[in-house]
Amino acid sequence: MRYSLALAGGGFYGGGFNRGPQGSAQLTLTPPGWGRFSIDVELGWRLARFREDIPGTGVAVSALHSMPLLAVGRMNLVRMAHLGADVRVGVGPLLALHHLSSDFSASSVRSAVGWELLAGAQLRFPLGALEPFLDARVGFGEANIPFVLGRSTGVQGLLGVRYQLP
C-alpha cells in the first residue's frame, strides 16, 4: 500500500457573487496491484462572501462556508519522469454553514448537509517525494439553506503539493 498527503489552495466560481477562496487536504491510497488506479479521501473548504451597503439601513454581510468530504477515484492517464496527468471523479457529503450579519438585525448562523459530485483532472510534476500539481475540476451539488442562494460548487482551480509517505 502506498500513501501520500496533499495540501492545495485556490479559488472557485459558482455563478454571480458565488466565488471565493478554497482549500483542500487529500490522502491518496494506492493498494498493491491497482496499477494506475488510486483512491483519494479529500476534505475541502470554500468561502463565498458577499457584502452590500443598503442605503438608509446599513451594511449586510453574508458568508457561506462549505466543507465537502469526498471519496474520489483517481486514474493515471500519463506517467512520465517529470509529468503526470490524472482524471478524478468523486462524491460525498457537503456541510454548509451560512453566517448573516447586518447593522439592522441580529446575526444568524444556519447550517445544512447536502451532497457534492466532482469531476476533474490533475496535472502533476513529480520531483521525488514532493509533487507539485494543478487541479482543475467542476463540482455539482447542493446543501439547501432556506432563503440562501449561495453555491459553493462550480468551476474550481487549485495549486498544491503532494508528499509521498515512506
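Before any of the text, the structure's been laid out above.
Participant: Just give me the short version of the side chain of glutamine 26, but keep the residues and values in it.
Facilitator: Note that glutamine 26 resides in strand β2 (residues 19-30). According to the relative accessible area criterion, glutamine 26 is buried, its value standing at 3%. A polar contact is formed between the side chain of glutamine 26 and the side chain of serine 24, at a distance of 3.4 Å.

Participant: Break down the sheet that holds strand β7 (residues 130-142) for me, with residues and values.
Facilitator: In a beta sheet, neighbouring strands are held together by backbone hydrogen bonds and run either parallel or antiparallel to one another. If you walk around this closed barrel you meet the eight strands as β1-β2-β3-β4-β5-β6-β7-β8, and the pairing is antiparallel. With strand direction ignored, the average angle separating the axes of adjacent strands in the sheet is 25°. Pairing between strand β3 (residues 37-54) and strand β4 (residues 58-79): 16 bridges, direction antiparallel. Opposite aspartate 40, over in β4, you have valine 72 as the bridge partner.

Participant: Break down the layout of surface pockets for me, with residues and values.
Facilitator: Quantified by volume, the largest pocket comes out at close to 350 Å³. Forming the boundary of the largest pocket are 20 residues, of which Arg2, Ser38, Asn76, Arg124 and Gln164 lie nearest the centre. Of all the secondary structure elements, the ones that give two or more residues to the lining of the largest pocket are β1 (2-13), β2, β4, β5 (84-102) and β8 (155-164). Of the residues in the lining of the largest pocket, the class split is four nonpolar, eight polar and eight charged.

Participant: Can you break down empty space enclosed by the protein residue by residue, with the values?
Facilitator: Applying the stated rule across the entire model yields one cavity of 30 Å³ or more. In this structure, the largest cavity encloses a volume near 40 Å³. The wall of the largest cavity is formed by Gln22, Gly23, Ser24, Glu42, Gly44, Trp45, Arg46, Pro68, Arg137, Gln156 and Leu158. Contributing elements (two or more residues each) for the lining of the largest cavity: β2, β3 and β8. Among the elements that make up the lining of the largest cavity, the one with the highest residue count is β3 (four residues). Residues that form the lining of the largest cavity fall into these classes: three nonpolar, five polar and three charged.

Definitions and cut-offs
- The residue count restarts for each chain, going from 1 along the sequence in the order it is written.
- Owing to the predicted nature of the model, reporting of local features is limited to residues with pLDDT of at least 70; listing and counting of side-chain atom pairs is limited to 80 or more, with chain, interface and lining totals taken over all residues.
- To get the side-chain values, take all heavy atoms of the structure and skip hydrogens and water.
- Per the convention used, a helix needs a DSSP run of H or I reaching at least four residues, while a strand needs a run of E reaching at least two, with both numbered from the N terminus.
- Relative accessibility decides the category of a residue: with a 1.4 Å probe and only protein chains considered, values under 20% of the type maximum give buried, values over 50% give exposed, and everything between is partly exposed.
- Two N or O atoms count as a polar contact when they lie within 3.5 Å, although within protein this holds only if one can serve as hydrogen donor and the other as acceptor, and sequence-adjacent residues are included solely when both atoms are side-chain atoms.
- Pairing between strands is defined by DSSP: at least two bridges between them are needed.
- Between N-to-C directions, angles span 0 to 180 degrees; the directions come from axes that are lines fitted to C-alpha atoms, helices contributing only their stretch in contact.
- Using protein atoms alone on a 1 Å grid, points that fit a 1.4 Å probe yet trap it form a cavity, whereas open point sets bounded by protein on both sides within 12 Å along at least five of seven lines form a pocket; residues with an atom within 4 Å of a point count as lining.
- Grid points are joined across faces, edges and corners, and a volume is the space filled by probe spheres set on the points.
- Residues are grouped as follows: Ala, Val, Leu, Ile, Met, Phe, Trp, Tyr, Cys and Pro are nonpolar; Asp, Glu, Lys and Arg are charged; every other residue, Gly included, is polar.

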